[in-house]
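Each chain, letter by letter, is given below.
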Protein chains: 2
Amino acid sequence: MEGEPTLRLRIFDLNCWAIRYLSKRRQERVRLIGDTLRKEGFDLVLLQEVWSEQDYSDLKVKLAGCYPFSHYFRSGVIGSGLCVFSRFPILDTLLYQYSLNGYPYMLQHGDWFGGKSVGLVIMKISGIIFNVYITHLHAEYCRDKDAYLPHRLVQAWELAQFIRHTSKAADLVLLGGDLNMHPGDVGIRLLCGWTGLRDAFTEATHFEGRKNGCTLVPDNCFTDKSELLPFPLGIRIDYILYKAISSFTVKCEELKTTTGPAPGTDIPFSDHEAVMATLHIQRQGQPAGATLGTADLADVVTEARTEVGVGLRAAQRQRYSSGRMAVLALLLLLLQAVAALGTLAGLGTEQPFPKLSFCLLAFVALGVLVLATGLHLFHTMEVKMLHGTEDQMWMALRALQERP
Amino acid sequence: MEGEPTLRLRIFDLNCWAIRYLSKRRQERVRLIGDTLRKEGFDLVLLQEVWSEQDYSDLKVKLAGCYPFSHYFRSGVIGSGLCVFSRFPILDTLLYQYSLNGYPYMLQHGDWFGGKSVGLVIMKISGIIFNVYITHLHAEYCRDKDAYLPHRLVQAWELAQFIRHTSKAADLVLLGGDLNMHPGDVGIRLLCGWTGLRDAFTEATHFEGRKNGCTLVPDNCFTDKSELLPFPLGIRIDYILYKAISSFTVKCEELKTTTGPAPGTDIPFSDHEAVMATLHIQRQGQPAGATLGTADLADVVTEARTEVGVGLRAAQRQRYSSGRMAVLALLLLLLQAVAALGTLAGLGTEQPFPKLSFCLLAFVALGVLVLATGLHLFHTMEVKMLHGTEDQMWMALRALQERP
């Protein structure tokens, strides 16, 4: 862009819902996504839930011509699911795994196994340094009683802190991904307020697509209709956010979402709609001001900190009860050991329990001891991280109060 | 420092070996450390292995007068052990937990439970932005057959990447901590080469203390003499590293280590010696060049990548064998279920096994199944992270090759 006044960048973001063995018509949809990306020729593609490295490799081969640069972020048991395809060279990458991400024993939700993270990709396009972040936060399974809210808030906070601390040499910051937060939720206000990122949907000069920019809609053939009953139009949880850091201005010229089945087919790309933004970047503009005033930002941080505090107390209770269970199991085992030794030493004239029940009881106690100890360790880590985040937020509040 | 030409900064770094219930004379030593810090009045204190938050709180109370600013980094089951005390305000903090840190089942080593991390503390001293990093890498238990080398190299790489990506707005970068690497080890060459950090010991104009700057020495009353048999003088594994980023020069005027018992007492502060550096920072100097040439740096990255590859193959073998064990246990359980159902359905005329042995066998198989599945998941994560690091290093090598 040396000499050129503007740069136009087309970005594609999609949660692909490509879980091996579980997602319906996965391979067909991944092929479809690849075909469309090849045809449309975006500048930058941010994909989430590409859980299978084979799917990524297939896409990489297919897209090698038009997106010669790509990166897959590995983490967790089944991967982070995050990958990036780009027309422009990727200079460097960094992965930050969130410290909290649900519970390993919530197998039906499974977020823990994904190793949820934020991936950073650094690119230089026409002399402009881009820090591109891609992420996928913990899902919300029940909005009324959202047990994962504290974890998602810790993730939103860590995401905001990671962006702030790693983007200081960047000219442009972009974040794309499935944030699993509705517009206006405390986490999204925290993220935008603390980083200064702007929402492409609200800033777009021109919008085309699902009403209110919804990306999870009930009339998608793969979504669970019952979950979306309170939201007949659907919800918007997939975002493209951006900001200019140095002397650049960035505007969203156009934002689009897909609207159901891909052209010429009977199926959509995924259970989510894709988000596509066209950004217009100009040198020597004025960087935009903060998205929130200091007082409003302090209110948001306080609100988030309260929710983290609620999570902290819940985690402390779970740590306590799992610890108590472990101690009880240990006591039972010790009691049985004493009884067995007593019988062996001939203190009792006859065996007090049937051998089988005695052994079964010992095994059950041992199983409970192992599981409860594991849970206790896990919840201790959870307490540590929630406590640490509460502290960091408190430090942020103090810094905000000291601002002129 | 506006108007002033120089800034002199005195830094204290110590691995405190303060493990509750395990470390000898812990409380006495923590009191001693606090007294000395109060008396000596350093500018910045970096402590590792302060595992008990109570010890940190006690130190905080004691040091409130001379070090009014402090931060404790929480992570893992028992904490990160990392804390910072400062004469100057702490503006912000960030914690990055290493993706690999030993094995939870290596209880005798216990590093996994510490949640090893790097903590970042941002400070502004006389108008100069300091990014201060504190860390503690995985211990080396057997130098000849170091099973943790790949994990420590992943940590060194993540540490270097974290420093590079978060320090771009800093004027000065400082890193203090127990790196568990000897000078000249591939990890320390990787860290210094990839970040440009310089070793205060080798750069110091004046040195006073243990020969060769050793921080783990056999004549310390708390060290395990047998572990240090091949190193009669001891080893140097605690470092203060630094670099100037923008138009500053930084020099190490003086480096000291403690030499045994603290003055006026019969015990040393810890099983490690403390490292104390006096840095001299000057504005409008020339930033120092790279610590390694491009070709040398590429050699170091290649060497580290080879070691990570060795770890990757070991992890893949462990993943495979734990997976096979889980499958075998599952098969045994299924076989038992079929036998039990057969007996219940009266297919066999008499019971083929004694009931007790049958039940015991089922419980053992169940236990093996649970444990082997857990191990399989853990080693899958390990494979993912080692693989990811290998990829990142490969990308770094490519970038190095493209350098003019």
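Heads up: the structure comes first, above all this text.
Residues numbered from 1 in each chain as written. Chains lettered and ligands numbered in written order. Predicted model: local features only at pLDDT ≥ 70, side-chain atom pairs only at ≥ 80, totals over all residues. Heavy atoms only, no water.

Novice: Would you take a moment to explain the pairing of strand 5 (residues 90–97) of chain B for this structure?
Specialist: Regular strands place their side chains on alternate faces of the sheet. Residues and elements named next belong to chain B. Within strand 5, six of the eight residues are buried, which leaves the element mostly enclosed by the surrounding structure. Inspection of the sheet shows strand 5 paired to strand 6 (residues 117–125) by seven bridges, in the antiparallel sense. Bridge pairing links Ile 90 to Met 123 in strand 6. (Buried < 20%, exposed > 50% of the residue type's maximum accessible area, 1.4 Å probe, protein only. Helix = DSSP H or I, 4+ residues; strand = E, 2+ residues; numbered from the N terminus. Pairing = 2+ DSSP bridges.)

Novice: I tried to follow the packing of helix 7 (residues 355–402) of chain A against helix 7 (residues 355–402) of chain B on my own but got confused; where do I start?
Specialist: The axes of two packed helices give the description: the angle between them and the distance between them. In the contact formed by helix 7 of chain A and helix 7 of chain B, the axes pass within 9 Å of each other and the chain directions differ by 10°. The angle between helix 7 of chain A and helix 7 of chain B places the two elements in the roughly parallel class. Contacts from Lys 355, Leu 356, Cys 359, Leu 360, Phe 363 and Val 364 of chain A of helix 7 of chain A reach helix 7 of chain B at Lys 355, Leu 356, Cys 359, Leu 360, Phe 363 and Val 364 of chain B. Along the lines of polarity and charge, the residues of the contact of helix 7 of chain A with helix 7 of chain B split into 10 nonpolar, no polar and two charged. (Axes fitted to C-alpha atoms, helices over the stretch in contact; angles between N-to-C directions. Parallel < 35°, antiparallel > 145°, perpendicular 65-115°, else oblique. Contact = heavy atoms within 4.5 Å. Nonpolar A, V, L, I, M, F, W, Y, C, P; charged D, E, K, R; others polar.)

Novice: Even after reading the chapter, I still don't get the relation of the copies chain B and chain A, so can you show me in this structure?
Specialist: The operation relating the two chain copies consists of a rotation about an axis and a shift along that axis. For the match of chain B to chain A, the screw axis carries a shift of 0.0 Å, the RMSD comes to 0.1 Å, and the turn is 180°. These values place the two chain copies in the arrangement generated by a two-fold rotation axis. In terms of C-alpha distance to the rotation axis, chain B has Thr 166 of chain B as its closest residue, with the C-alpha 2.3 Å off the axis. Both copies contact each other with a shared surface, as 100% of the interface residues of chain B are interface residues in chain A too. (Least-squares fit on C-alpha atoms with pLDDT ≥ 70 in both.)

Novice: Looking at this structure, how should I read the sheet that holds strand 6 (residues 117–125) of chain A?
Specialist: Backbone hydrogen bonds hold the strands of a sheet together, and the pairing may be parallel or antiparallel. Residues and elements named next belong to chain A. In spatial order, the strands read 5-6-7-8-11-9; together these six strands make up an open sheet with mixed pairing. Only two strands of the sheet have a single partner each, and these edge strands are strand 5 (90–97) and strand 9 (198–199). Relative to strand 11 (residues 238–244), strand 9 is paired through two bridges, and the arrangement is antiparallel. Each bridged residue has a counterpart across the sheet, and for Asp 199 the counterpart in strand 11 is Leu 241.

Novice: Help me understand the sheet that holds strand 10 (residues 206–208) of chain A in this model?
Specialist: Residue and element names in this part refer to chain A. Taken in spatial order, the seven strands line up as 3-4-2-1-13-12-10 in an open sheet, and their pairing is mixed. Of all strands in the sheet, those with a lone pairing partner are strand 3 (69–72) and strand 10, marking the two edges. On average, each strand axis in the sheet is inclined to that of its neighbour by 20°, with strand direction left out of account. Sitting on the sheet, helix 1 (residues 26–40) touches strand 1 (6–18) and strand 2 (44–50), and the angle it makes with strand 1 is about 175°.

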